[in-house]
Amino acid sequence: MTIELVAGCPYCVSVSEDPESKAPVNCTKWSGSSYPISVNPATCLSCGEYRNRTKIS
């Protein structure tokens with residue numbers, strides 16, 4: 001997963017730069033509120049919101 005990919009997601013607040021992090025993506029969609037929770041890359045990609053705003057070439 002790349003930062004560019006999740007940057008297109010309206011729910012992604014930030015991505016940790018720590019390569020050891022098991023849940024590097026801070027997401028508001030999965031938290032159900034305006035306060036983000038940390039999710040793993042598989043959870044982030046399963047949502048698919050990044051596809052709506054990001055063109056993958």
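Below, the structure is looked at part by part. Fair warning: this is a prediction, and the values are worked out from it, not measured in the lab. (Residues numbered from 1 in each chain as written. Predicted model: local features only at pLDDT ≥ 70, side-chain atom pairs only at ≥ 80, totals over all residues. Heavy atoms only, no water.)

1. Quick look at the overall build of the chain
Helix and strand counts for the chain come out as 2 helices and 3 strands. Secondary structure elements in the chain, listed N-terminal to C-terminal, are α-β-β-β-α. When each of the 57 residues of the chain is scored for burial, the buried share is 26%. Taking the intrachain contacts of the chain between residues at least 6 apart in sequence as the baseline, contacts between residues at least 24 apart amount to 28%. A total accessible area of about 4100 Å² is found for the chain, and carbon and sulfur atoms account for 50% of it. (Helix = DSSP H or I, 4+ residues; strand = E, 2+ residues; numbered from the N terminus. Buried < 20%, exposed > 50% of the residue type's maximum accessible area, 1.4 Å probe, protein only. Contact = heavy atoms within 4.5 Å. Areas by Shrake-Rupley, 256 points an atom, 1.4 Å probe, with all protein chains shown as cover.)

2. Topic: the state of the cysteines
Here the structure, examined in full by the defined rule, presents 0 disulfides. Cys 12 forms no disulfide, and the closest cysteine sulfur to it belongs to Cys 44, at a distance of 5.9 Å. Of the residues examined, Cys 12 reaches a relative accessible area of 18% and is grouped as buried. Looking at Cys 44, the relative accessible area reads 8%, which means it is buried. (Disulfide = S-S within 2.5 Å.)

3. Some remarks on the sheet that holds strand 3 (residues 37-39)
An order of 1-2-3 is seen for the 3 strands of this open sheet, with the pairing classed as antiparallel. Strands at the two margins of the open sheet, each flanked by one partner only, are strand 1 (12-15) and strand 3. Strand-to-strand twist in this sheet, taken as the mean axis angle between neighbours without regard to direction, amounts to 30 degrees. Direction of pairing for strand 1 relative to strand 2 (residues 25-27): antiparallel, over a ladder of 3 bridges. Note that in strand 2 the partner of Cys 12 across the bridge is Cys 27. (Pairing = 2+ DSSP bridges. Axes fitted to C-alpha atoms, helices over the stretch in contact; angles between N-to-C directions.)

4. With respect to the side chain of Thr 28
Mapped onto the elements, Thr 28 comes out in the loop between strand 2 and strand 3. Not counting residues within four places of it along the chain, the set of residues in contact with Thr 28 comprises Tyr 11, Val 13, Ser 33, Ser 34, Tyr 35 and Pro 36.

5. Topic: the nonpolar core
Formed by Val 6, Cys 9, Cys 12, Val 25, Cys 27, Val 39, Cys 44 and Tyr 50, the largest nonpolar core amounts to 8 residues. Not counting residues up to four positions away in its chain, the partners in contact with Cys 27 are Tyr 11, Pro 36, Ile 37 and Val 39. (Core = buried A, V, L, I, M, F, W, Y, C linked by side-chain atoms within 4.5 Å.)

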